[in-house]
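Coordinates in review
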Amino acid sequence: MEILVCIKQVPGTNEVKIDPATGVLNRNGVDSKMNPYDLYALETALRLKEKYGGTVNVISMGPPQAQAIIYEAYAMGADDGALVSDRKFGGSDVLATSYTLSQGITKFRKFDLIICGKQTTDGDTAQVGPEISEYLKIPSVCNVIKIISVNETSIIVEMDMPHHVETLQVDFPCLLTVEKDIFQPRLPSYIKKMASKKQNIQILALLDFDDQDEKKYGLSGSPTQVQRIFPPTIKKDRELWQNSNLVLTDKMFDKIKELKFME
Amino acid sequence: MAKLIVHQEKIGNIQELLALCPFSALEEENGQVKINSACKMCQICVKKGPSGAVEYVTDTVKQIDKTQWQGVAVYVDHVDGVIHPVTYELLGKARELADKINQPVYALFIGSKITTKSHELLHYGVDKAYIYDTPSLEHFKIEPYAAAFEDFIQHIKPTAILVGATTIGRQLAPRIAARFGTGLTADCTVLEISENTDLVQIRPAFGGNIMAQILTPNHRPQIATVRYKVMNIPKREPIETGEIIACPINEAKLRCNVQVLNVVPKEKEKFIDSAEVLIVAGRGVKKQADLEMLKELADLLGGQVAATRPITEAGWLDAKHQVGLSGRTVRPKLIITCGVSGSVQFVAGMNHSDVIMSINKDPKANIFHVANYGLVGDIYDIIPKLIEKIKIAKGVSA
Ligand SMILES: Cc1cc2nc3c(=O)[nH]c(=O)nc-3n(C[C@H](O)[C@H](O)[C@H](O)COP(=O)(O)OP(=O)(O)OC[C@H]3O[C@@H](n4cnc5c(N)ncnc54)[C@H](O)[C@@H]3O)c2cc1C
Ligand SMILES: Nc1ncnc2c1ncn2[C@@H]1O[C@H](COP(=O)(O)O)[C@@H](O)[C@H]1O
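Named according to an unreviewed UniProt entry, chain B is Electron transfer flavoprotein alpha subunit apoprotein originating from Propionispira arboris.

Chain A is annotated in an unreviewed UniProt entry as Electron transfer flavoprotein small subunit from Propionispira arboris.

Written out as structure tokens, the structure is:
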């Protein structure tokens, strides 16, 4: 089974603050790391390989520095990796990101199964995976909490829904997004890390793609536009109610109702 | 192609310009400022940098004809025909938006044996409810649902579509957005509409405490997802208005590579970490049997009971229910502490909760420093009264 895992490099911290006076974003610390949710995706792929054979390859879209997380994936046991990187991809929204990744995937490798993380900690949309599957014209299942079994032509998984769990059989090729905690991600191995130092990473740019129409990438390929950014208005009440227990009960009841916890 | 052009001669202090970029996308190469692929086109460098140093240029794009797209549509989120309440919240919002631009509200209902259930939608200001009801649409499966959705958009051409950010909505909306090559804004917290029918979408962004206002200025339909309980549920009108329209669809379009083998109802969530509502028992609770009243309150609010350390140490509740430094960190939407003093070790595990309500007899208790709503009173009096009130309101026989 050929498995492809989509991994993204994200800022090491989410402590982004916005200066209310100047409107400038401040990021404390510029360190970055692999999107924590993608570790679960990678671990799932490695477990499947251990059980059923095949290869695990990773693909990421980002600036050249994002190669760091591909090396990290090698140290965890990934076989091969590609970085989709081009200045022309800057400013991509969900649609442009998904399209770019789907083009990169097509060029990079054949696959039976693509695994994505549940979401990223910076984009935080959980939408890139499903959009990739649409562009690749393959079925997708999100919120996967368990892999039951794999055969020649399909995989059986459990999908988590709010009030029930569905067991689904999905034909290859397909895309899954997995939940946190599906498996405990392993630590990178020192030996693999040393061995992979010289391992190659394929870099894919616009000129490598089948579709080289610049209008479909980066900001031009992004239907959504950020018009402005602003700090949230934090409305945190702090009230102390001193009254008879009867009045307190009424106030508490009204507040719980107002906050919609009684449906 | 839209891009940023750097005019080196207008820069002045290079380091100051580089520091402006929150994404480290500006870098210096041989004394020249370059923009790398980490650029998110936020244009802060354009707006805040030295005047004219970074210029934003776009090719003129062909404008679409927005009048071809009419109406605000809501995807009816459901499992087995049981409509998720987020649907009604979105219908309320859709009505508001549609009225501003003088356009109709549509509901899109996809499933099997759902036609009889669709009448409920007509109590919430829907002008037209489009129903795709056929046995092959039993259970949510991505391909046939996306096919029916596509059929709807092709025929009806709504300008905007609102989808609940539920397990199903989050799988379906992106699929549709990619199919039509249009924008999707996930988890919007505020939605407005301008006269030219552009949906003004506001959501938290960049993973931090920042809000972004997002437009889809040149694509239709515009698609947004919204979480449950973000919008207000409108009043249910006593009489039905609007009409129900059955939509036939070619079975060949509903072919599918996913099979549902089994559906198992879940046991109620047992971990306090993921509970949306937590009722916390502190030492103000005098004996183990009294936890029952907190349990009852938790059940009524769809939540769970947690405790401070003295309670778990006494063995009244299992250790995995303990909140705090040596217990679990929780971040529920609502936490009600009952007889908890508010020690630093306890507060460290819960101060990021959305809403904190605290009942304590002692007006000087530390917990009141973190509580959004502090009640100086006796839990043994307030909690039973509150339970009664909620039961009456819910129509549960006391
Ligand atoms: C290293 C370390 C780690 C710790 N970790 C944790 C932890 O993870 N979690 C934790 O909870 N604690 C922890 N503790 C213990 C912590 O310091 C406190 O002792 C504990 O949180 C107090 O619990 P309490 O608020 O329930 O009890 P108390 O402090 O005894 O408070 C009881 C409160 O109930 C009020 N009260 C009494 N009767 C009523 C009534 N009828 N109606 C209304 N109010 C009433 C009283 O006014 C009082 O404020 C830790 C301590 C240490 C040293
Ligand atoms: N730039 C990227 N490169 C590779 N994979 C990505 C990228 N962005 C998103 N993904 C994948 O899509 C998932 C969902 O991302 P998001 O929609 O940003 O929350 C992530 O967990 C990744 O698996």
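Before going further, it helps to spend a moment on the overall build of chain B. Of regular secondary structure, chain B possesses 9 helices and 22 strands. C-alpha atoms of chain B, sized along the principal axes, occupy 75 × 65 × 40 Å. Burial status across chain B gives 55% buried among its 398 residues. Intrachain contacts of chain B at a sequence separation of at least 6 include 62% that bridge at least 24 residues. For chain B, the accessible surface area stands at approximately 17,400 Å², while carbon and sulfur atoms represent 51% of it. One way to put it: in chain B the 45 positive side-chain charges average out to a point 2 Å from where the 43 negative ones average out.

Now for the pairing of strand 8 (residues 105–111) of chain B. Residues and elements named next belong to chain B. In terms of residue burial, strand 8 counts as a mostly covered element, since 7 of its 7 residues are buried. As judged from the 4 bridges shared by strand 5 (residues 72–75) and strand 8, these two strands associate in the parallel manner. Residue pairing across strands places Ala73 opposite Tyr106, the latter belonging to strand 8. Inspection of the sheet shows strand 8 paired to strand 9 (residues 128–133) by 6 bridges, in the parallel sense. Residue pairing across strands places Ile110 opposite Tyr132, the latter belonging to strand 9.

One way to put it is that helix 6 (residues 245–258) of chain A packs onto helix 9 (residues 379–394) of chain B with a least axis distance of 9 Å and a crossing angle of 45°. It follows from the interaxial angle that helix 6 of chain A and helix 9 of chain B lie oblique. Helix 6 of chain A and helix 9 of chain B meet at a crossing whose hand is right-handed. Contacts between helix 6 of chain A and helix 9 of chain B involve A:Asn245, A:Leu246, A:Leu248, A:Thr249, A:Asp250, A:Met252, A:Phe253 and A:Ile256 from the former and B:Asp381, B:Ile382, B:Lys385, B:Leu386, B:Lys389, B:Ile390 and B:Ala393 from the latter.

Attention now goes to the site of ligand 1. All names here are of chain B. Near ligand 1 there are 26 residues, and of these Arg283, Thr308, Ser326, Ser341 and Asn360 occur at the shortest range. Side-chain polar atom of Asn360 to an oxygen atom of ligand 1: 2.7 Å apart, as the coordinates give it. Within the complex, the protein chains bury 76% of what would otherwise be the 1,000 Å² of accessible surface of ligand 1. Mapped by element, the contributors of at least two residues to the shell around ligand 1 are helix 7 (309–313), helix 8 (344–347) and helix 9. Looking at the shell around ligand 1 residue by residue, the classes come out as 7 nonpolar, 13 polar and 6 charged.

Let us look at the site of ligand 2. All names here are of chain A. Close to ligand 2 lie 19 residues; Cys6, Asp38, Thr120, Thr125 and Ala126 are nearest. The separation between an oxygen atom of ligand 2 and a polar main-chain atom of Cys6 is 2.7 Å. Summarising the interface, the protein chains cover 97% of the accessible area of ligand 2, which totals 480 Å² for the free molecule. Of all elements in the fold, only strand 6 (55–61) and helix 4 (128–135) reach the threshold of two or more residues within the shell around ligand 2. Tallying contributions element by element places strand 6 first for the shell around ligand 2, with 3 residues. Of the residues belonging to the shell around ligand 2, the class tally is 8 nonpolar, 8 polar and 3 charged.

All names here are of chain A. Buried residues dominate strand 10 (residues 154–160), accounting for 6 of its 7 residues. Between strand 9 (residues 140–150) and the antiparallel strand that follows it, strand 10, lie 3 residues. Sheet analysis places strand 10 next to strand 11 (residues 164–171), joined by 7 bridges and oriented antiparallel. Bridge pairing in strand 11 places Met159 opposite Glu166. In sequence, strand 10 turns back onto strand 11 through a hairpin of 3 residues.

Residue and element names in this part refer to chain B. As enumerated under the stated definition, the model contains 35 salt bridges over all chains in all. Taking the shortest distance from any N to any O, the salt bridge between Lys66 and Asp198 comes out at 3.2 Å. Of this pair, Lys66 sits in the loop between strand 4 (54–57) and strand 5 while Asp198 sits in the loop between strand 12 (190–193) and strand 13 (199–205), and the two are 132 residues apart along the sequence. Here the two residues Lys66 and Asp198 agree in accessibility, since each one is buried. Between Arg95 and Asp127 there is a salt bridge, with its nearest N and O atoms 3.0 Å apart.

What the 4 strands build is an open sheet, ordered 14(A)-14(B)-13(B)-12(B); its pairing is antiparallel. Across the chains shown, the open sheet's two edge strands, defined by having one partner strand only, are strand 14 (225–230) of chain A together with strand 12 of chain B. Pairs of neighbouring strands in the sheet enclose a mean axial angle of 25°, with direction left out of account. Relative to strand 14 (residues 210–215) of chain B, strand 14 of chain A is paired through 5 bridges, and the arrangement is antiparallel. Within strand 14 of chain B, the position partnered with A:Ile229 by the bridge is B:Ala212. Contacts between helix 3 (residues 86–100) of chain B and the sheet are confined to strand 12 and strand 13 of chain B, with strand 12 of chain B contributing the most and set at about 25° to the helix.

It is worth spelling out the domain arrangement of chain B at this point. Here the domain parsing of chain B yields domain 1 (2–58), domain 2 (66–254) and domain 3 (272–394). Taking only C-alpha atoms, the centre of domain 1 of chain B and the centre of domain 3 of chain B are 51 Å apart.

With that settled, consider the interface of chain B and chain A. Of the residues lining the interface, 102 residues belong to chain B; the matching set on chain A comes to 88 residues. At the boundary of chain B with chain A, total buried surface from both sides reaches about 8,400 Å², with 59% on carbon and sulfur atoms. Counting every contact that joins chain B to chain A gives 4 salt bridges. A:Glu134 is paired through a salt bridge with B:Arg175; the nearest N and O atoms lie 2.9 Å apart. Partitioning the side of chain B that touches chain A into residue classes produces 55 nonpolar, 25 polar and 22 charged. Bridging between strand 15 (residues 239–242) of chain A and strand 22 (residues 373–376) of chain B involves 4 bridges; their strand directions are parallel. Looking at strand 22 of chain B, one finds that A:Leu240 is bridged to B:Gly374.

The rules behind these values
- The numbering scheme is per chain: residues are counted from 1 as the chain's sequence reads.
- To label them, take the chains in the order written and letter them from A, then take the ligands in the order written and number them from 1.
- In view of the model being predicted, local features appear only for residues whose pLDDT reaches at least 70, and side-chain atom pairs are presented and counted only at 80 or more, with totals across whole chains, interfaces and linings using the full set of residues.
- The basis for every side-chain value is the complete set of heavy atoms in the structure, and neither hydrogens nor water enter the calculation.
- Helix and strand labels come from DSSP, where a helix needs a run of H or I of at least four residues and a strand needs a run of E of at least two; each type is numbered from the N terminus.
- Each residue is placed in one exposure class: buried if its accessible area under a 1.4 Å probe, protein chains only, is under 20% of its type's maximum, exposed if it is over 50%, and partly exposed if it falls in between.
- Any two residues whose heavy atoms approach within 4.5 Å at even a single point are treated as in contact.
- Surface accessibility in these figures is a Shrake-Rupley result with a 1.4 Å probe; residues are shielded only by whichever protein chains are displayed.
- None of His or the chain ends enter the tally, which takes Lys and Arg as positive and Asp and Glu as negative.
- Where a charge lies is defined by one atom per residue type: Lys uses NZ, Arg uses CZ, Asp uses CG and Glu uses CD.
- DSSP bridges decide pairing: two strands pair if at least two such bridges lie between them.
- Whenever a helix is involved, its axis is fitted only over the stretch in contact; in every case the axis is a line through C-alpha atoms, and angles between N-to-C directions fall within 0 to 180 degrees.
- When an angle is under 35 degrees it counts as roughly parallel; over 145 it counts as roughly antiparallel; between 65 and 115 it counts as roughly perpendicular; any other value is oblique.
- Definitions for this section: a left-handed crossing has its near helix turned counterclockwise from the far helix by less than a right angle. A right-handed crossing has that turn clockwise.
- Near is defined per residue: the residue qualifies when any heavy atom it owns lies within 4 Å of the molecule or strand.
- For the purposes of these results, a polar contact is taken to be a pair of N or O atoms within 3.5 Å, where, inside protein, one atom must be able to donate a hydrogen and its partner to accept one; residues adjacent in sequence count only when each atom of the pair is a side-chain atom.
- Residues are sorted three ways: Asp, Glu, Lys and Arg are charged, Ala, Val, Leu, Ile, Met, Phe, Trp, Tyr, Cys and Pro are nonpolar, and all the rest, Gly among them, are polar.
- Any Lys or Arg side-chain nitrogen found within 4 Å of a carboxyl oxygen on Asp or Glu counts as a salt bridge.
- Note that the domain bounds reflect an automated or database-derived domain assignment.
- A simple way to read buried area is as the amount of 1.4 Å-probe accessible surface that goes missing from two parts once joined, with both sides added.

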